[in-house]
Amino acid sequence: MTPRVVIIGAGVVGSALADELTERGWTDVTVVDQGRLPVPGGSSSHAPGLVFQTNPSKTMTEMAAYTVRKLSGLTLDGRRCFRQVGGLEVATTEARWTDLKRKHGLATSWGVEAELLDAAGCAALHPLLDPGRILGGFHVPADGLAEAVRAVQAQAGRAIERGARFLGEHKVIGIGQKGGRVTGVETDRGFLMADVVVCAAGFWGPEIGRMAGLTVPLLPLGHQYAKTGPVPTLAGVDAAPILRHQDQDLYYRAHGDRLGIGYYGHRPMLIDELGPDPAMPSVLPFTSDDFAPAWQESLALLPDLGGAKVEEGMNGIFSFTPDGFPVLGEHRDLAGFWVAEAVWVTHSAGVARAVAQWLVDGQPGVDLHECELYRFEDVHLAPSFITERGKQNFVEVYDIVHPLQPMERPRPMRTSPFYPRQRELGAVFLEGAGWERPFWYESNAALPPVQVPERDEWSARYWSPIAAAEATVTRQRVAMFDMTPLKRLEVSGPGALAFLQRLTTNELDKPPGSVTYTLMLGHDGGVRSDLTVARLGDQAFQVGANGPLDEDWMIRHLPEDGSVRVRDITAGTCCVGLWGPLARDVLQPLTREDFSNTALRYFKAQRAYIGEVPVTAMRLSYVGELGWELYTTADLGLKLWDTLWEAGREHGIIAAGRSAFNSLRLEKGYRAWGVDMTAEHDPFEAGLAFAVRMEKGDFIGRAALEGRSPQTASRLLTCLTLDDPAAVVMGKEPVFAGGVPAGYVTSAAYGYTVGRTVAYAWLPAALSVPGTAVTVEYFGERLPATVAAEPLFDPKMERIRR
């Protein structure tokens, strides 16, 4: 017997999920929708259907690529569900043309065939374009048009043939639950029993979520789409590519001899009420004044529109989230209730496949950490936050957004106890997980300058040469880093050791005072996270984690006997990383405890008083220098900072930011989970075999690792250095070997100690040999690089262990 599944929402996600589940043998599937089938009236019913695959996210690109492959093979009544007309993005400014070169690099990194065209090449593809208005374009031949309504019906039909049923005009009024499990769905026509309920209700998702006691962080907004009258130039044109004019927030698609125009340049339109047509509640009246700038810009780009006019339009409702990604996963407190929300047609089939794999196989086939339901901190679930960030994501849909560019509002949200001192020192703050994080300090502009190469405009954003001085002082003297934003979990109770042993790869059965670097794996052996686990007592552990998903994973695996407690202590604690060759000179005079190398060795912890401040000191270093992570409660954080600062003055202490930190950690070869490795990679591929103890007993993922080793890995995370000391890359660039794409960069930074850019990249194992020559493409330019042995800095660990 397979589980009984009820899917709420018969749009492009719900129908695709029914298809994917029934294909995998889960045939007891019921899809319900409040609308009349087969066109229920949600966002899918009016979606323009443009599928541009290339995205800064590898996962989103892969889900779009699967959507293209799947829909390309579907027909309904002999008509195609996807027309592969190609996608063309044009540039009318130098900034956009430069960005299209970056986008071409992303496409190459993620395996999407693409090309850059000059203005004439673009005009040859699209009959309406004025080549005199554009500088060039980015063309993906496999992009195209999903006929959304047809795709919904085709996938629903396949599911129905396998046993699924679709029920229209069934309004959901409640979610059945008992004993922490979902029992079904209450509709205005009766109760539907279920073992699994999936909410794929689109912009109605937050309402359904509330019925299940769940916040679905989604904001419905109006988005303008219009159609012109006949355009003679389009008559007889069968395959004009879909077109983006992102400099003016516009996109276009042909409807026979008419042109469809989508516009994101208008004000964010909050939804106060649904559309007047009960059959199409997701369509609101068209506001022509908002569209006026779009029409003028369209006439400038596409002069042949001059003889036409806008004949119809709508403000259609679409969903936006605080970070722009879908919301996928199972309710932690109501087993069996799942969400698949904020999904556009572009990624619909890919999302449906991932959720189906998750349900049937126990985990998705792609890395979903950017999309998982519990990726958000509690502060991100405030209604005002969801609204503000959703509006901003709408505004920035087509903007050129730098990977370090922070949201401007609402800020500040989360600040460490050190924040007042950081502001006094001129900290330049970026944001991460809601935290204000210093990237460098303007007060350090007075430090002796370090010679660093000139940067191009892109890599110079959110960077300062001050970072080079901060890194240099860390290597030569001593610096204080604010490590407060890193997630800290307290795991305690009589079953704590066994619990952590089961969840992680390394041996944790060590005496109190031991600290261990370890990994959490999925059942397939992929790296879900890396952790630093400090044993502070027989039944007490402090876990340095990567974010809310780690806490979620732990809570889901808690034993039912109550023998283990997991508590997030991040907000009530703080941490200073005190690192550099003079760190002991600063710290030792402040305490009666012995901080010598013999008394407190590397990866050991002890409690101590630093002045009047009680701390837990862990001898760890993420920058490759002698030092400690010093933890105390938030109320004493400012006192800790001031105590260290005053004691460090005679040693030339500084505060240093994340920019220097990232450079130092790459020189030392330290990985960053979610960037350098994800659930798609196993420990041996990621160079983390030292953190796996197969002999310790069973742990999640152990069975999948049987027979694997660094020697059997077909790909490896590889250290590169750029040959030109002046060259810089940022991350996600394609790597070429012999002129052929071979991999992609994960993270990169200029190494101020080694005097050149350090980049980590995924490459075939055969290329991951020190001395191998490769090139990295940066904005269209191929930069020579060489595979290097790692770590580049202090390979014998002499500085960190002294």
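Residues numbered from 1 in each chain as written. Predicted model: local features only at pLDDT ≥ 70, side-chain atom pairs only at ≥ 80, totals over all residues. Heavy atoms only, no water.

Looking only at helices and strands, the protein features 18 helices and 43 strands. The globule rule puts the C-alpha radius of gyration for 802 residues at 28 Å, and the 28 Å found for the protein is close to it. Over its C-alpha atoms, taken along the principal directions, the protein stretches across nearly 80 × 65 × 50 Å. Out of the 802 residues belonging to the protein, those deemed buried represent 61%. Contacts spanning at least 24 positions in sequence make up 71% of the contacts within the protein whose residues lie at least 6 apart. Each charge class in the protein can be summarised by its mean position, and for the 77 positive and 96 negative side chains these summaries are 3 Å apart. (Helix = DSSP H or I, 4+ residues; strand = E, 2+ residues; numbered from the N terminus. Rg over C-alpha atoms; globule rule 2.2 N^0.38 Å. Buried < 20%, exposed > 50% of the residue type's maximum accessible area, 1.4 Å probe, protein only. Contact = heavy atoms within 4.5 Å. Lys, Arg positive; Asp, Glu negative; His and termini not counted. Charge placed at Lys NZ, Arg CZ, Asp CG, Glu CD.)

Right, let's get into the packing of aromatic side chains. Per the counting criterion, the structure on display carries 26 aromatic pairs. A ring pair is formed by Phe320 and Phe394, whose centres lie 5.4 Å apart and whose planes are at 70°; its orientation type is edge-to-face. In this pair, Phe320 sits in strand β22 (residues 310-320) while Phe394 sits in helix α9 (residues 383-395), placing the two residues 74 residues apart along the sequence. Assessed through its relative accessible area of 5%, Phe320 is described here as buried. Here Tyr778 and Phe779 contribute two aromatic rings whose centre-to-centre distance is 4.7 Å and whose plane-to-plane angle is 85°, an arrangement assigned as edge-to-face. Overall, the relative accessible area of 17% leaves Phe779 in the buried class. Among the aromatic side chains, those forming a connected cluster through ring pairs are Tyr225, Tyr251, Tyr264, Phe318, Phe320, Trp344, Phe394 and Tyr398. A cation sits over an aromatic face here: Arg782 above Phe736, 3.5 Å from the ring centre. (Phe/Tyr/Trp six-rings, centres within 6.5 Å; stacked < 30°, edge-to-face > 60°. Lys NZ or Arg CZ within 6 Å of the ring centre and 35° of its normal.)

Of all hydrophobic cores here, the largest spans 67 residues; its most connected members are Ile7, Leu21 and Leu328. Per element, the largest residue contribution to this core is seven residues, and it comes from helix α8 (residues 348-361). With residues up to four places along the chain from it excluded, the contact list for Ile7 reads Gly14, Leu17, Ala18, Leu21, Val29, Thr30, Val31, Val32, Val198 and Ala200. (Core = buried A, V, L, I, M, F, W, Y, C linked by side-chain atoms within 4.5 Å.)

Moving on, we come to helix α3 (residues 94-109). In this model α3 runs 23 Å from its N-terminal to its C-terminal C-alpha over 16 residues, within 8% of the 22 Å that 1.5 Å per residue would give. Looking only at α3, the buried set comprises Arg96, Trp97, Asp99, Leu100, Lys103, His104, Gly105, Leu106, Ala107, Thr108 and Ser109. A positive phi of about 85° marks Gly111, the residue just after α3. (Expected span 1.5 Å × (residues − 1).)

Structurally, Asp482 can be placed in strand β27 (residues 479-482). Buried charge Asp482 goes without a salt bridge, the closest partner of opposite sign being Arg488 at 7.3 Å. Polar side-chain contacts of Asp482 include one of 2.8 Å to the side chain of Ser416. Reaching out from Asp482, the side chain makes a polar contact with the side chain of Gln422 at a distance of 2.9 Å. With residues near it in sequence (within four places) discarded, Asp482 still touches Ser416, Phe418, Gln422 and Cys575. (Salt bridge = Lys/Arg side-chain N within 4 Å of Asp/Glu carboxyl O. Polar contact = N/O pair within 3.5 Å; in protein donor to acceptor, adjacent residues only side chain to side chain.)

All right, on to the pairing of strand β34 (residues 605-610) then. Direction of pairing for β34 relative to strand β35 (residues 613-618): antiparallel, over a ladder of six bridges. Pairing of Ile610 across the sheet is with Val613, part of β35. Between the antiparallel neighbours β34 and β35 lie two residues, among them Gly611 with a positive phi of about 65°. (Pairing = 2+ DSSP bridges.)

In this section: the sheet that holds strand β37 (residues 654-655). The strand order across the open sheet formed by six strands is β34-β35-β36-β33-β27-β37, and the pairing between neighbours is mixed. Pairing within the sheet leaves two strands with one partner each, and these edge strands are β34 and β37. The pairing of strand β33 (residues 573-579) with strand β36 (residues 627-633) spans seven bridges and is classified as antiparallel. Paired with Val576 across the bridge in β36 is Leu630.

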